[in-house]
Amino acid sequence: MTVLLHFTKRFFLACTLLFSANSYALTCSLDIDNDGNLDALTDGLLLMRHLFNSTGDALTENAVSANAQRSSAGDISAFLESPECQDFFDIDGDQQRDALTDGLMTMRYLFGFSGPALIQGAISSNATRTTETEITGLLDAKKTSFMDEGNNSGTALVVRVLPAVSEIANGDILTVSIVGSNFTTNTDGGSFELSWDDSVVNFTGITIADSLWDNSFDTRANTNPNPLNISVGNSAATGIGGDFEIATITFKVVGQPGEATSFLMVDAVGGWAQNGLLPVNKINVIYDTANIRVVTAPGSN
Ligand SMILES: [Ca+2]
Ligand SMILES: [Ca+2]
C-alpha cells in the first residue's frame, strides 16, 4: 500500500511539473485562507461572501483561521479574482461564478453534503455540469489535488480510508486500510471515529498497526461499533512522520446490488497530536472519504 501511495504521488508530481512549465505559477485551491485545512466556515464562507461582493472586514470577519497564511481581505480578494480562481470556482460550468450556485455547492461540499442534497436548487439554467455525479467528481478532484500537492507551506496532513475494492458482492468480506499520508510533523498519536452504513456493510474486525503504535484501543468490543472509535499512541522520541499505516478493518457486505456506503472519519476527543511536552500540540488533519458499491456477484443472474 505504501508503495502504491508513493507511486501515485510521484506520478501526480511528474504530471504537475510537466504541465506547470506552460502554466501560471499561481494555482487556485479550495483552501482559500491557506491554513492547510478545508473548512466550510472559513474557506466556504469566504467564497460565498466574495461572490456576494463583500470586501474588507465584511469579507474576512470571523472567517479566517488562526493559522491562515492568506488572511487579509485584500489578499483574499486578489486571490479569488485571479484568472485561475475564476475558472476553478465555476462549479456548474456555466462560465460564471455565482454565490447561490457555485458558492453554495462548494460550501455544502465542505460541510460534508453528498448526493442530491449537494446540488438541489443550486444548478444554473445554463450549467454544463448538472448531475450530482459530475459535481461531486469535480469537487472530489479539487480536494484530492489540494491533498496531494499540499498547501503553499506543504503541510497537508491526510488520513485516508482505502477500501481494497470499490465494487463488491453481497456476502463478500471487504478489507479497508486506514493510513496517514503526507505527515510532516512528528505524530505522537491520534483519536478519530470511522462510520459507515450498517445496512450495506457490517463490521467484523480490526487490526491496529502495532509495530508503529505501542498503545492503542478501539471500540471493537461494542456490540455495534458504528461509529468505530480508534485511538493510537506512540512513545518513541521522534514520533511518526511521512506515510504510515494506522489500522486494517474488515466488513461483511450485507447490502443488495446497487446499494452503496461511504466511509467517513472525524476527529474524536483530542484529535491528532504532535510529539512534545505537555500541553500536547494539536495538529489538524484532513480526513479523506471513500465509497463502495454492492454489485451482482460474477456468474450470478
Ligand atoms: Ca482553509
Ligand atoms: Ca457557475
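A.B. asks: Is there a simple way to explain the overall build of the protein in this structure?
C.D. replies: Helices and strands together make up the secondary structure of the protein, namely eight helices and 11 strands. A total of 301 residues make up the protein; the buried ones form 34% of that total. Contacts spanning at least 24 positions in sequence make up 70% of the contacts within the protein whose residues lie at least 6 apart.

A.B. asks: Any chance you could explain helix 2 (residues 40-51) here in plain terms?
C.D. replies: In an α-helix, one turn spans 3.6 residues, which is why side chains three or four residues apart end up on the same side. A large share of helix 2 lies buried, amounting to nine of its 12 residues. For helix 2, the complete set of buried residues consists of Thr42, Asp43, Gly44, Leu45, Leu46, Leu47, Arg49, His50 and Leu51. Buried residues in helix 2 make contact with helix 3 (57-60), helix 4 (73-81) and helix 6 (99-110). Looking one or two residues beyond helix 2, the residue adopting positive phi is Asn53, at roughly 70 degrees.

A.B. asks: Mind showing me how you'd approach the environment of Gly242 here?
C.D. replies: Note on placement: Gly242 falls in strand 7 (residues 240-253). With 59 residues separating them in the primary sequence, Gly242 and Phe183 have C-alpha atoms 4.6 Å apart.

A.B. asks: How should the pairing of strand 11 (residues 290-295) be read in this particular structure?
C.D. replies: A regular strand places its side chains so that they alternate between the two faces of the sheet. In this sheet, strand 11 lies alongside strand 2 (residues 167-169) in parallel orientation, the contact comprising three bridges. Across the sheet, residue Ile168 finds its bridge partner in strand 11, namely Val294. Inspection of the sheet shows strand 8 (residues 260-274) paired to strand 11 by four bridges, in the antiparallel sense. Looking at strand 11, one finds that Ser262 is bridged to Asn291.

So, how was this worked out
Residues numbered from 1 in each chain as written. Chains lettered and ligands numbered in written order. Predicted model: local features only at pLDDT ≥ 70, side-chain atom pairs only at ≥ 80, totals over all residues. Helix = DSSP H or I, 4+ residues; strand = E, 2+ residues; numbered from the N terminus. Buried ≥ 20, exposed ≤ 12 C-beta atoms within 10 Å, placed from the backbone. Contact = placed C-beta atoms within 7 Å. Pairing = 2+ DSSP bridges.

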